[in-house]
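# Secondary and tertiary structure notes
For reference, the chains in residue letters:
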Amino acid sequence: MRTELVSEPGDPGRPNEDFASVGLPASGQGGSLVLLDGVTPPPGDDGCLHSVAWFSARLGGSLTELSVTRRDLPLAEILSVAIRRTAEVHAASCDLSHPRTPQATVVVARWSAELVEYLVLSDSALLVESPTGEVTPVLDNRLDLVPRAWLATDAIADATVRNKEGGFFTAAADPSVAARAVTGVLPRAEVRALAALTDGATRWVEKFEEGGWGDLFTLVRKEGAQALVDRVRTLERDDAESRVRLRRSKTHDDATVVFVEY
């Protein structure tokens, strides 16, 4: 088995708010990957004493442990338990009802000798490659379906679409959000490799349109995850002045790639 993990902050002067792990049980039976993209809040009060990086580490660590040790639980239930655990740690000190309480996107994949399970919540991506080389993206596209006017300001988004019916969902403090995730199960024989990416890495496809998901997957397999991140950084620097592709987005974002090949 080949595994590769690269995570690079968008700004070296700020903590990386992404989280990633690969869990390989000592039994040698199967494994799991976890990837989170912490949601950077706007300046001001978010009701919490803790940073987004703290939250990502707490939630990601819990997901890693549960996905390996509780193979009897489906991934949606594992996410629910992990959110509840994380919320309990700071419920007494923080206002977890605040719309900008620390939160993150989530990708989890788990495999055994027979099956591959997956879960995606919000705008990180999971790519699944078949034995014949076909690459299928597993995406939660609800954010893409939200009218742009509803995202015009942070205040409008928080009031109308963030973790609300008809909007989009992230993992924050409400365990019930786990039921909103995109989930599925595939026969292990139909999966040759997996790649999980935060949106700082998927920019190569989604913002800069350098190729499709299959092209991105081939790049990671042949040249490595760091090569993808390096290419994204070059594209960001080249577009920083004109903003043709980046527009209102931050110039550099935390970028994380996890690659697993059986």
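Shown above is the structure to which this text applies.
So, here's what we can say about the structure. This is a predicted model, so every value here is computed, not measured. (Residues numbered from 1 in each chain as written. Predicted model: local features only at pLDDT ≥ 70, side-chain atom pairs only at ≥ 80, totals over all residues. Heavy atoms only, no water.)

## Here's the deal with the pattern of salt bridges
As a reminder of what qualifies: Here, a salt bridge means any side-chain nitrogen of Lys or Arg that lies within 4 Å of a carboxyl oxygen of Asp or Glu. For the purposes of this entry, the term helix denotes a DSSP run of H or I that reaches at least four residues, the term strand denotes a run of E that reaches at least two, and both are numbered from the N terminus. When accessible area is computed with a 1.4 Å probe and restricted to protein chains, residues below 20% of their type maximum are described as buried, those above 50% as exposed, and intermediate ones as partly exposed.
Within the structure shown, the criterion is met by 20 salt bridges. A salt bridge links R85 to E65; the shortest N-O distance between them is 2.8 Å. One end of the pair, R85, is in helix α2 (residues 75–90); the other, E65, is in helix α1 (residues 52–69), with 20 residues separating them in the sequence. By relative accessible area, which is 35% here, E65 ends up partly exposed. Residues joined in a network through salt bridges with shared partners are R2, E4, E129, R192, R221 and E261.

## Some thoughts on the sheet that holds strand β4 (residues 104–111)
As a reminder of what qualifies: Two strands qualify as a pair provided that DSSP identifies no fewer than 2 bridges between them. To obtain an axis, a line is fitted to C-alpha atoms, over the contacting stretch when the element is a helix, and the angle between two such axes runs from 0 to 180 degrees between their N-to-C directions. Throughout, a contact is declared for two residues whenever any of their heavy atoms are within 4.5 Å.
Read from one edge to the other, the open sheet built from five strands follows the order β2-β3-β4-β5-β8, with strand pairing classed as antiparallel. Each edge of the sheet is formed by a strand with only one pairing partner; in this case those strands are β2 (18–23) and β8 (182–187). Sheet twist, expressed as the average angle between the axes of neighbouring strands with direction ignored, equals 5°. Across six bridges, the pairing between strand β5 (residues 115–121) and β8 is antiparallel. Counterpart to V120 in the pairing with β8 is V182. Against the sheet, α1 touches β2, β3 (31–38) and β4, its axis set at about 165° to β3.

Note that every value here comes from positions in space, so none of it alone points to a role or purpose.
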